[in-house]
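Below, each chain spelled out in residue letters.
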Amino acid sequence: MAGVLSQTAVLQASGVFQVTPVRPVAELLPEALAARPPDEARPVRAPELVELAPLDPAFKLDIRYAGTRNFLGTPLYSQPRAFLQRPAAMALRRVLQSLKAQGYGLVIFDGYRPWYITRLFWDATPPGLHRYVADPAEGSRHNRGCAVDLSLYELATGRPVTMPSGYDEMTERAHADYPGGRESERRYRSLLRRAMEAEGFVAFPWEWWHFDYRDWADYGLANIRFEDIPVVPSAGS
């Protein structure tokens, strides 16, 4: 049975948090695709988006926006892939190496996100939950290729660990400093945060799974679909 949190949000029995869109996604998507990111009018670094999966087999992908297990309940990405700007990708690989030594891998929910998806999220999300989604007028650090959504899994079993909330949950349980939940859940959350911060990532206050890389301001807002991202070598540092 699903748990009703409000008139606009429901926690499904599967643990997936979903909201009732302000308007149907099928109406909002063409509008988002037709829109354009704001002009920042400043110099930025040339983008070099690197795909995460080829970097290490211990990166396990669970790209929620390529399926229905997301807060809007519908596929939004055309491909289940994850990318980051090269410095962020190499830093995340170092995070993974440190966690592997402790028996854990990283499950990736999302990385680079085209700007039109950020626009869609904002337009679809009820205003009372807007602090959990980025304002397209400013853009998301996901749009810059310097934000990643992720969690831990056990290398020995392949099972994801249990965190204080599920991914994309728009409640206080998702906050990075939420004091509730089980001690083991808080311990896993702290383990992930320590490993990420050691390599230059910064935790996002409202979402334990979201981390921004320190160089995010060097990059501009991108709006390229996954299938149009140039292929670049994944190896190297």
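For clarity, every value in this text was computed on a predicted model and none was experimentally measured.

Peer 1: I tried to follow the pairing of strand 10 (residues 207-213) on my own but got confused; where do I start?
Peer 2: Remark: a regular strand shows side chains that alternate across the two faces of the sheet. Strand 10 sits mainly inside the fold: seven of its seven residues count as buried. Direction of pairing for strand 8 (residues 147-154) relative to strand 10: antiparallel, over a ladder of three bridges. Paired with Ala147 across the bridge in strand 10 is Asp212. The pairing of strand 9 (residues 201-204) with strand 10 spans four bridges and is antiparallel. Across the sheet, residue Phe204 finds its bridge partner in strand 10, namely Glu207. The antiparallel hairpin formed by strand 9 and strand 10 contains two residues in its connecting segment.

Peer 1: What exactly am I supposed to notice about the sheet that holds strand 5 (residues 59-61) here?
Peer 2: Spatial strand order, 5-7-8-10-9: five strands in an open sheet with mixed pairing. Across the chains shown, the open sheet's two edge strands, defined by having one partner strand only, are strand 5 and strand 9. Between one strand and the next, the sheet's axes are offset by a mean angle of 40°, whatever the strand orientation. Along the sheet, helix 2 (residues 86-100) makes contact with strand 5, strand 7 (104-110), strand 8, strand 9 and strand 10, crossing strand 7 at roughly 145°. Contacting strand 7, strand 8, strand 9 and strand 10, helix 4 (residues 183-197) crosses the sheet at an angle of about 130° to strand 8.

Peer 1: Can you walk me through the nonpolar core in this structure?
Peer 2: Most often, soluble globular proteins keep nonpolar side chains buried together rather than apart. Grouped together as the largest cluster of nonpolar side chains are 68 residues, with contacts concentrated most on Leu92, Leu106, Leu152 and Phe201. Element by element, the count of residues in this core is highest for helix 2, at eight residues. Residues contacting Leu152, with those up to four places away along its chain left out, are Leu99, Tyr104, Gly105, Leu106, Val107, Pro160, Val161, Met163, Tyr188, Leu191 and Leu192.

Peer 1: Mind showing me how you'd approach helix 3 (residues 115-124) here?
Peer 2: Because an α-helix packs 3.6 residues into every turn, residues spaced three or four apart end up facing the same way. Burial analysis of helix 3 places seven of its ten residues in the buried class, which makes it a mostly covered element. Those residues of helix 3 that fall on the buried side of the exposure criterion are Trp115, Tyr116, Ile117, Thr118, Leu120, Phe121 and Ala124. Against the buried residues of helix 3 lie helix 1 (25-34).

Peer 1: How should empty space enclosed by the protein be read in this particular structure?
Peer 2: Throughout the structure, instances matching the rule amount to one cavity of 30 Å³ or more. Considered as a void within the structure, the largest cavity measures approximately 40 Å³ in volume. Along its surface, the largest cavity is lined by Tyr77, Ser78, Pro114, Tyr116, Arg225, Phe226 and Glu227. Split into classes, the residues belonging to the lining of the largest cavity amount to four nonpolar, one polar and two charged.

So, how was this worked out
- Residues numbered from 1 in each chain as written.
- Predicted model: local features only at pLDDT ≥ 70, side-chain atom pairs only at ≥ 80, totals over all residues.
- Heavy atoms only, no water.
- Buried < 20%, exposed > 50% of the residue type's maximum accessible area, 1.4 Å probe, protein only.
- Helix = DSSP H or I, 4+ residues; strand = E, 2+ residues; numbered from the N terminus.
- Pairing = 2+ DSSP bridges.
- Axes fitted to C-alpha atoms, helices over the stretch in contact; angles between N-to-C directions.
- Contact = heavy atoms within 4.5 Å.
- Core = buried A, V, L, I, M, F, W, Y, C linked by side-chain atoms within 4.5 Å.
- 1 Å grid on protein atoms, 1.4 Å probe; cavity = no way out; pocket = protein on both sides within 12 Å on 5 of 7 lines; lining within 4 Å.
- Points joined across faces, edges and corners; volume = space filled by probe spheres on them.
- Nonpolar A, V, L, I, M, F, W, Y, C, P; charged D, E, K, R; others polar.

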